[in-house]
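# Structural characterization, general
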Amino acid sequence: MVLNPVLGKLVSKRVVLASASPRRQEILTNVGLRFEVVPSWFKETLEKSSFTAPYEYAVETAKQKALEVANRMHVKHLRTPDVVIGADTIVSVDEQILEKPVDKQDAYRMLSRLNGKEHSVFTGVAIIHCHSKDNQLEMDITDFYEETKVKFSELSEELLWEYIHSGEPMDKAGGYGIQALGGMLVEYVHGDFLNVVGFPLNHFCKKLAELYYPPSKHNVQRKKYDSIPSVDTFENQSDGESESSNFTKQKGASKLDSSGTYSSEAVYASENSSGVRTGFTVPLENQNGVSQSAAKLPSKILELMDGFRASKALFVASKLKIFDHLKDKGPMKAVDIANDVGTSVCGTERLLDACASLGLLEKTPQGYSNTDSANTYLASDGKYSLHGYIIHSNDHLWPLFTNLESAVKEGSRQNHRAFGKKADDLFKDYYHSQEVKQRFMSAMHSIAHLTARDVATAFDLSQFKSACDLGGCTGALAHELVQVYPNLKVTVFDLPEVIANTSYFQPSGQHTAPVTFVSGDFFKDSLPEADLYILSRVLHDWPDEKIHVLLSKVSAVCRPGNALLVAETVLDEQKTHPSVAVLQSLSMTEGKQRSGSEYKQLLEKYGFTDVQIKITGNLLDVVLCFKKSLSL
Ligand SMILES: Cc1cn([C@H]2C[C@H](O)[C@@H](COP(=O)(O)OP(=O)(O)OP(=O)(O)O)O2)c(=O)[nH]c1=O
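Residues numbered from 1 in each chain as written. Predicted model: local features only at pLDDT ≥ 70, side-chain atom pairs only at ≥ 80, totals over all residues. Heavy atoms only, no water.

As recorded in an unreviewed UniProt entry, the chain goes by Acetylserotonin O-methyltransferase like and comes from Corvus moneduloides. Here the chain is described in UniProt, under the heading Subunit (unreviewed entry), as follows: "Homodimer." Regarding the chain, the relevant UniProt record gives this comment under Cofactor (unreviewed entry): "a divalent metal cation". (UniProt positions renumbered as here; feature names shortened; annotations may be inferred.)

## Some remarks on the environment of D531
Within the secondary structure layout, D531 lies in the loop between β14 (515-519) and β15 (532-536). Once residues lying within four places of it in the same chain are set aside, the contact partners of D531 are F464, K465, S466, R559, N562 and A563. (Helix = DSSP H or I, 4+ residues; strand = E, 2+ residues; numbered from the N terminus. Contact = heavy atoms within 4.5 Å.)

## Considerations on empty space enclosed by the protein
Under the definition given, this model contains one cavity of 30 Å³ or more. Taken together, L400, F401, A407, S412, R413, Q414, L586, S587 and M588 make up the lining of the largest cavity. Its residues assigned to classes, the lining of the largest cavity shows five nonpolar, three polar and one charged. (1 Å grid on protein atoms, 1.4 Å probe; cavity = no way out; pocket = protein on both sides within 12 Å on 5 of 7 lines; lining within 4 Å. Points joined across faces, edges and corners; volume = space filled by probe spheres on them. Nonpolar A, V, L, I, M, F, W, Y, C, P; charged D, E, K, R; others polar.)

## Points about the site of the ligand
Neighbouring the ligand are 21 residues; S19, A20, R24, K65 and K100 lie closest to it. S19 places a side-chain nitrogen or oxygen 2.6 Å from an oxygen atom of the ligand. Here an oxygen atom of the ligand and a side-chain polar atom of S21 are 3.0 Å apart. For the shell around the ligand, the elements supplying multiple residues, two or more each, are α2 (22-30), β3 (83-93) and α6 (193-197). With three residues, the top contributor of residues to the shell around the ligand is β3. Split by residue class, the shell around the ligand holds seven nonpolar, six polar and eight charged. (Near = heavy atom within 4 Å. Polar contact = N/O pair within 3.5 Å; in protein donor to acceptor, adjacent residues only side chain to side chain.)

## Let's talk about the pairing of strand β18 (residues 621-627)
When you tally the buried positions in β18, you get seven out of seven residues, the bulk of the element. In this structure, strand β16 (residues 563-568) lies alongside β18, joined through six bridges in antiparallel fashion. When the bridges of β18 are listed, L564 appears paired with C625. Bridge analysis of strand β17 (residues 608-614) against β18 gives five bridges, and the strand direction is antiparallel. (Buried < 20%, exposed > 50% of the residue type's maximum accessible area, 1.4 Å probe, protein only. Pairing = 2+ DSSP bridges.)

## Observations concerning α2
Along α2, the residues that are buried comprise P22, R23, R24, Q25, I27 and L28. In the segment just after α2, G32 is the residue with positive phi, at about 85°.

## Points about the sheet that holds β16
Within the open sheet, the seven strands sit side by side as β14-β13-β12-β15-β16-β18-β17. Their pairing is mixed. Edge strands, defined here as strands with exactly one partner in the open sheet, are β14 and β17. Direction aside, the axes of adjacent strands within the sheet are offset by 20° on average. Helix α22 (residues 544-557) rests against β12 (466-470), β15, β16, β17 and β18 of the sheet, and its axis sits at about 160° to β15. (Axes fitted to C-alpha atoms, helices over the stretch in contact; angles between N-to-C directions.)

## Structural notes on the side chain of D395
On the secondary structure map, D395 appears in helix α15 (residues 387-402). Here D395 is in contact with K319, F419 and R439, once residues within four sequence places are set aside.

## Some details on the packing of helix α4 (residues 104-114) against helix α5 (residues 157-165)
Axis separation between α4 and α5 bottoms out at 10 Å; the angle between their running directions is 135°. In this view, α4 runs oblique relative to α5, as classed from their interaxial angle. Every pair of crossing elements has a handedness; the one defined by α4 and α5 is right-handed. Where α4 abuts α5, its residues K104, Q105, A107, Y108, L111 and S112 lie against E157, L160, W161, Y163, I164 and H165. (Parallel < 35°, antiparallel > 145°, perpendicular 65-115°, else oblique. Left-handed = near helix turned anticlockwise from the far one by under 90°.)

## Overview of the packing of aromatic side chains
Following the criterion strictly, the structure yields twelve aromatic pairs and no others. Their ring planes at 85° and their centres at 5.7 Å tell us that F51 and Y57 sit as a pair that is edge-to-face. The pair F51 / Y57 is uniform in exposure class, with both members buried. Between F523 and W542 the ring centres are 4.9 Å apart and the planes differ by 80°, which places this aromatic pair in the edge-to-face class. (Phe/Tyr/Trp six-rings, centres within 6.5 Å; stacked < 30°, edge-to-face > 60°.)

## Observations concerning the pairing of strand β13 (residues 489-494)
With five of its six residues buried, β13 lies for the most part within the structure. Note: β12 against β13, five bridges, orientation parallel. Following the sheet pairing, A467 is matched in β13 by V490. In this view, the connection linking β12 to its parallel neighbour β13 by way of helix α20 (residues 476-484) has right-handed handedness. Sheet topology note: the β13/β14 ladder contains five bridges and is parallel. Across the sheet, the residue bridging to V490 is V515, located in β14. (Right-handed = clockwise from strand over helix to strand, strands pointing away.)

## Here's the deal with the side chain of T491
Within the fold, T491 resides in strand β13. Classification of T491 by relative accessible area gives buried; the value is 14%. Apart from the residues lying within four places of it in its own chain, the contact partners of T491 are A467, C468, D469, T516, V518 and P528.

## A few points about helix α19 (residues 434-457)
Helix length check: α19, at 24 residues, gives a terminal C-alpha distance of 34 Å against a target of 34 Å (1.5 Å per residue), a fit within 8%. Helix geometry: α19 is bent most strongly at T451, by close to 50°. (Expected span 1.5 Å × (residues − 1). Bend = angle between axes of the 7 residues up to and from the residue.)

## Notes on the nonpolar core
Core analysis: the largest hydrophobic core is formed by 46 residues, its most contacted members being I85, F152, Y176 and F204. In terms of residue count, the dominant contributor to this core is helix α7 (residues 201-212) (six residues). With near-sequence residues (within four places) excluded, F204 lies in contact with L7, L28, I85, I127, F144 and F199. Ranked by size, the runner-up nonpolar core spans 28 residues in total, among them F459, L461, I534 and F626. (Core = buried A, V, L, I, M, F, W, Y, C linked by side-chain atoms within 4.5 Å.)

In structure tokens, the structure reads:
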């Protein structure tokens, strides 16, 4: 990977991120940087009017944040870090600087100013290299800023308030988070997206390149790094490493490493774009200063090897409702969470740290708190909560997947091994056990909610007056459809046992027109009349014989010119992507995932024509087709 050489320079250093921002932590963790997080105590109170340009304010604040941490660590903790990174993100509109809103009214004031306009997001970054000489802290500061232009659409008051009530604006500059719900407000972004989220990664890497790979004496033209040097560039430059591993004085950064710290160089191998293996060198030393060589980490494979631990940590934290506790009461100490949920303190602390390392929680001196994603997707009460699906994954899918080896050998689902029951008996649980039924419905509800907007808007469905969502379960998609198409009436058709339990999932706790619920079995009973039939996450579950029964019925009841909408994850033609669907196949249901051409073929077989496929980029893609008119 081309960027490794730059970040590799930090491998043997104690790097500290002087920021509590979970976004910054995530951005840097994602590129494999190892660092400690020590949030800065610097209060963001610099006098704004004393700066001639908004970015100067951001740069100075970033610098002060980093300086405060470097000093504190040196004096209080006697642990001088090698590198401290500070950052500050501000939004600037009409020459005004907007930071984080103090309350909802403030958020409203900010968002109203941004409404319908273009504004700039500036992130100032300070990189401080520290060393201790005679117990005195010496520091070399490098700073820079990045600007990204963002334009908001014209937004209604109602939408702004709905967004503010989501809670998302409160810890974000300008009162919005482009990476989550706030993304819906944005018409365009010009520049580095990550800069808006809080850290201009690309510029940061270029800065490191400037610092660690200054232009060689023989090639002064390469003074300015407009791009991050390629592997080859590094290889060339590392030739002169013995002299250039010391920092050369340049604007904002002065000579740092007078001792020539590196004791050895590990040879990394990578492939260039033509598939030829090239080497580049990254100096490394172990704790004793003894030479060591390092092989390139197969990070993807290591991640897969550990994936089960990460999944299980997420499942257990969800099961213990830790994200709910923290949403209501965070930040909380491990001991208090353990008391509340009735678990051991040491076990809980390990679980919380694991969740923090996975980016699900934030850890500060005050305790643990949810990240934005955890609040939105992991707490059980949010509109987009995945809690139900996570519990289903833990209680149902996990036991099945622990028997994957037998499943592959025998080519069949492993219910008997996982649950001591045959598939049919297990299915009866969905009818008879309230707990299992509720869990399954919650799981379906989670996914339906998350995908509903993309499914509803993949095609313009405004021509239809009525729709019937076959197997529509809790009605999550139906409710989204009537929101998007106010003239549409939607019937949710599902088994009586399902319909009897839907009230819990309704937006206002009850069924709301124009969504109606009708009970029946789509294999046996007659289907309600509609202009548009919907099969969302149904076809992949059933064997061909059942699909034949179902599609024959839909085709028979569908009038010429009326339509069928299928929502499924559509595989590529090789059937190896997206992996979420390919992995789902390993559950060994009797059904299967299909490619676009397979769906087309299947639907045409049952008299549908004009098959159009929309890959949404969400979990579900959408296939729309029309019943052939008689003359065709
Ligand atoms: C505009 C915008 C800002 N932000 C965030 C990035 C920053 O975390 C935050 C701006 O506040 P900052 O003061 O820059 O950072 P912080 O308070 O989160 O963390 P610290 O001071 O400890 O470094 O706004 C988003 O996450 N998304 C966005 O779209």
